[in-house]
Amino acid sequence: MSEACSVSLSGVRRVYDGARALDDVTLTAPKGQVLALLGASGSGKSTILRLIAGLEPVDAGEIRFGDELVSAPGRTTPTETRRVGMVFQDYSLFPHLNAAANVAFGLERSARGEAIGWLERVGLGNRANAFPHELSGGEQQRVALARALAPRPRAILLDEPFSGLDPVLRAELRETTLDAIRAAGATAVFVTHDAEEALLVADRLAILKKGKLLQEAAPREAYDHPANADAAAALGPVNVFDGRVEGGAVATPYGRVAAPGLSEGGAARVVVRIEAMTLTPGTTARVRDRRPHVAHDLVRLEAQGLVWLALVSPRAPTTETVDVALQPSGAFVFSG
Ligand code: ADP
Ligand code: MG
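A. Region of the structure containing the site of ligand 1. In the region of ligand 1, the neighbouring residues are Y16, D17, A21, A40, S41, G42, S43, G44, K45, S46, T47 and R50. One nitrogen or oxygen atom from the main chain of G44 is found 3.0 Å from an oxygen atom belonging to ligand 1. Contact distances for ligand 1 include 2.9 Å between an oxygen atom and a side-chain N or O atom of S46. Here ligand 1 has 560 Å² of accessible area as a free molecule, and 59% of this is covered by the chains. Here the shell around ligand 1 gets four residues from one element, more than from any other, and that element is helix 1 (residues 45-53).

Listed below in structure tokens is the structure:
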């Protein structure tokens, strides 16, 4: 039986030395779902985890586990009673205990036999007797995950758990981790600075910048309907142009983008995803260079002195100059 519950922050503020590390943050990890926190270094992601874990107090706002109030100013229920599991980048296993004993550590004596089952669930059933120094980084991280899930926590908090690992291992471990979290029915808050990873793991995605929440949404919703220019740029490479609304649109060197709802003559920022640029032979922009980029080609264009990127099919034409169509699904205008 999973003990999972929702975790919600409402109007949460955290101040260090007079500076707001978190400012009016409101977001929810729904019961049994994965909330990804995405943001650059220093945006406040780890602070959110520390507040959820009860390691520090909130300076304003509140945190609830289900209906239960666990944090408010002057009131912080202790970490031990919150029943959260934690997984950090540096594994933090007990070096003198083998894998099974590491997993059993947080369990009642009567439940210690379950440790092997948890190791099996993360694909390490055959490594139960190995000590941390005998395990690879990825294996240690799987033990840390099993240890965090085994006591059936109300929420599991993961702080950049794969950052120290190479990309191939990282992709593998991400799948194992997400499978184990989902199989356990756990509520998870997953911190990453990698947009691709956030989009891959999240049921809900929260984008942070300098302690402020830019957007909280389902990943597809956030990608297709960014709330602002920063949120759009946080999820993948974009081209940016600052201009004015004229005739209901903003004219960029690469074409016009409709600006519905924005006031005529007002300043506006256009943000265009690089895969929303369709190239055809023409005269609008000069192709500066073109390189393979995974399954696509990355093309650097120049028009009226402005360099933009386009991610195109390798079968797209290879003329020296091109016309560009901006796909409305990936071209956004925000009042600037
Ligand atoms: P992230 O995990 O997104 O990189 P953090 O939550 O670690 O960001 O930090 C957010 C901000 O709070 C940063 O500006 C950081 O310097 C500051 N900060 C975090 N912890 C402390 C602390 N204990 N004392 C002072 N400043 C802190
Ligand atoms: Mg951090």
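B. Summary view of helix 5 (residues 137-149). The end-to-end C-alpha separation of helix 5 is 18 Å, in line with the 18 Å expected for 13 residues at 1.5 Å each. The buried fraction of helix 5 is high, at 12 of 13 residues. The set of residues buried in helix 5 consists of G138, E139, Q140, Q141, R142, V143, A144, L145, A146, R147, A148 and L149. Considering only its buried residues, helix 5 is in contact with strand 7 (84-88), helix 3 (99-104), helix 4 (114-121), strand 8 (155-159) and helix 6 (167-184).

C. Highlighting the side chain of R273. Topologically, R273 is positioned in strand 15 (residues 267-273). No salt bridge is formed by the buried R273; its nearest oppositely charged neighbour, E275, is found at 4.7 Å. Reaching out from R273, the side chain makes a polar contact with the backbone oxygen of Y223 at a distance of 3.1 Å. Leaving out residues up to four positions away in the same chain, R273 has contacts with A222, Y223, P226, A232, L235, G236, P237, V238, G330 and F332.

D. Geometry of the sheet that holds strand 5 (residues 68-72). Pairing is antiparallel in the open sheet, where five strands are placed in the order 2-1-4-5-6. The sheet is open, and its two edges are formed by strand 2 (19-29) and strand 6 (75-76), each paired on a single side. Of the pairings in the sheet, the one linking strand 4 (residues 60-65) to strand 5 comprises three bridges and is antiparallel in character. Bridge pairing links R64 to L69 in strand 5. Helix-sheet contacts for helix 1 involve strand 1 (7-16), strand 2, strand 4 and strand 5, and the interaxial angle to strand 1 is about 115°.

E. Representation of helix 1 in the model. Extensive coverage of helix 1 is indicated by the burial of seven of its nine residues. The complete set of buried residues in helix 1 reads K45, T47, I48, L49, L51, I52 and A53. Phi for G54, located one or two positions after helix 1, is positive at around 80°.

F. Broad picture of the environment of T284. With respect to the helices, strands and loops of the structure, T284 is situated in strand 16 (residues 277-293). Taking the relative accessible area as the measure of exposure, T284 reaches 34% and is therefore partly exposed. Taking the C-alpha atoms as reference points, T284 and D179, 105 residues apart in sequence, are found 48 Å from one another. Beyond its immediate chain neighbours, meaning those up to four positions away, T284 contacts P253, A303, V322, D323 and V324. At 2.6 Å, the side chain of T284 and the side chain of D323 are in polar contact.

G. Spotlight on the packing of helix 5 against helix 6. Contact geometry of helix 5 with helix 6 gives a least axis separation of 11 Å together with a crossing angle of 15°. Classified by the angle between their axes, helix 5 and helix 6 sit roughly parallel to one another. By crossing handedness, the relation of helix 5 to helix 6 is classed as right-handed. For the pair helix 5 and helix 6, contact is made by G138, Q141, R142, L145 and L149 and by L169, L173, T176, T177, A180, I181 and A184, respectively.

H. View of the packing of aromatic side chains. Using the criterion set out here, one finds four aromatic pairs in the structure. Judged by centre distance (4.5 Å) and plane angle (45°), the ring pair of F94 and F105 falls under tilted. Here F94, found in the loop between strand 7 and helix 3, pairs with F105, found in the loop between helix 3 and helix 4; they are 11 residues apart in sequence, far enough to count as distant. Measuring from centroid to centroid gives 6.5 Å for F332 and F334, while their planes differ by 35°, and the two rings are tilted. The exposure class of F332 is buried, given its relative accessible area of 10%. In this arrangement the basic side chain of R82 is found over the ring face of F65, its NZ or CZ atom lying 6.0 Å from the centre. Directly above the aromatic system of Y223 lies the positively charged group of R273, at a separation of 3.9 Å from the ring centroid.

I. Just the nonpolar core, in detail. With 51 residues, the main nonpolar core has L119, L145, I156 and L205 as its most contacted residues. Ranked by the residues each element gives to this core, the list is headed by helix 5, at six residues. In contact with L205, not counting residues within four places along its chain, are L35, A36, L38, A198, L199, Q215, E216, A217, P219, A222 and L235. Membership of the second largest hydrophobic core comes to 26 residues, among which are V12, L35, I48 and V191.

Conventions adopted
Residues numbered from 1 in each chain as written. Chains lettered and ligands numbered in written order. Predicted model: local features only at pLDDT ≥ 70, side-chain atom pairs only at ≥ 80, totals over all residues. Heavy atoms only, no water. Near = heavy atom within 4 Å. Polar contact = N/O pair within 3.5 Å; in protein donor to acceptor, adjacent residues only side chain to side chain. Areas by Shrake-Rupley, 256 points an atom, 1.4 Å probe, with all protein chains shown as cover. Helix = DSSP H or I, 4+ residues; strand = E, 2+ residues; numbered from the N terminus. Expected span 1.5 Å × (residues − 1). Buried < 20%, exposed > 50% of the residue type's maximum accessible area, 1.4 Å probe, protein only. Contact = heavy atoms within 4.5 Å. Lys, Arg positive; Asp, Glu negative; His and termini not counted. Salt bridge = Lys/Arg side-chain N within 4 Å of Asp/Glu carboxyl O. Pairing = 2+ DSSP bridges. Axes fitted to C-alpha atoms, helices over the stretch in contact; angles between N-to-C directions. Parallel < 35°, antiparallel > 145°, perpendicular 65-115°, else oblique. Left-handed = near helix turned anticlockwise from the far one by under 90°. Phe/Tyr/Trp six-rings, centres within 6.5 Å; stacked < 30°, edge-to-face > 60°. Lys NZ or Arg CZ within 6 Å of the ring centre and 35° of its normal. Core = buried A, V, L, I, M, F, W, Y, C linked by side-chain atoms within 4.5 Å.

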